Amino acid sequence: KKIKGTSSYLIYRKKKKNGSYKKVGKIKKKVTFEDSKKLKKGKSYSYKIVAVVKKQYSPMKAAKKAVKIK
């Protein structure tokens, strides 16, 4: 859901279970994001979203569940 007063959202993706998150996109005005990288079938990817409000960033919270590509 869109957060009131947010100027943009930063999208981070983690590929490996113990890997680190890498920034993969920035969203302005839209609320949807489509990952442009070709994701591998059978692999799981976790995403985190950070809201940006007046140059302040929300905390990056742990992903609740991973997305598995079929």
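Residues numbered from 1 in each chain as written. Predicted model: local features only at pLDDT ≥ 70, side-chain atom pairs only at ≥ 80, totals over all residues. Heavy atoms only, no water.

Q: Sorry, what's going on with the pairing of strand β3 (residues 44–53) here?
A: Successive residues of a regular strand alternate their side chains across the two faces of the sheet. Note that strand β1 (residues 8–14) and β3 share seven bridges and pair antiparallel. Looking at the pairing, Arg13 lines up with Tyr47 of β3. With two bridges joining them, β3 and strand β4 (residues 56–57) adopt antiparallel strand pairing. Counterpart to Val53 in the pairing with β4 is Gln56. (Pairing = 2+ DSSP bridges. Helix = DSSP H or I, 4+ residues; strand = E, 2+ residues; numbered from the N terminus.)

Q: In this structure, what is going on with a positive patch on the surface? I would like to understand it.
A: Together, Lys15, Lys16, Lys22, Lys37, Lys40 and Lys43 line one region of the surface with positive charge. Position of Lys15 among the secondary structure elements: in the loop between β1 and β2 (22–27). Accessibility expressed as a relative area gives 41% for Lys15, which makes it partly exposed. (Patch = residues over 30% accessible without salt bridge, like charges linked within 9 Å, V, L, I, M, F, W, Y side chains within 5 Å. Areas by Shrake-Rupley, 256 points an atom, 1.4 Å probe, with all protein chains shown as cover. Salt bridge = Lys/Arg side-chain N within 4 Å of Asp/Glu carboxyl O. Lys, Arg positive; Asp, Glu negative; His and termini not counted. Charge placed at Lys NZ, Arg CZ, Asp CG, Glu CD. Buried < 20%, exposed > 50% of the residue type's maximum accessible area, 1.4 Å probe, protein only.)

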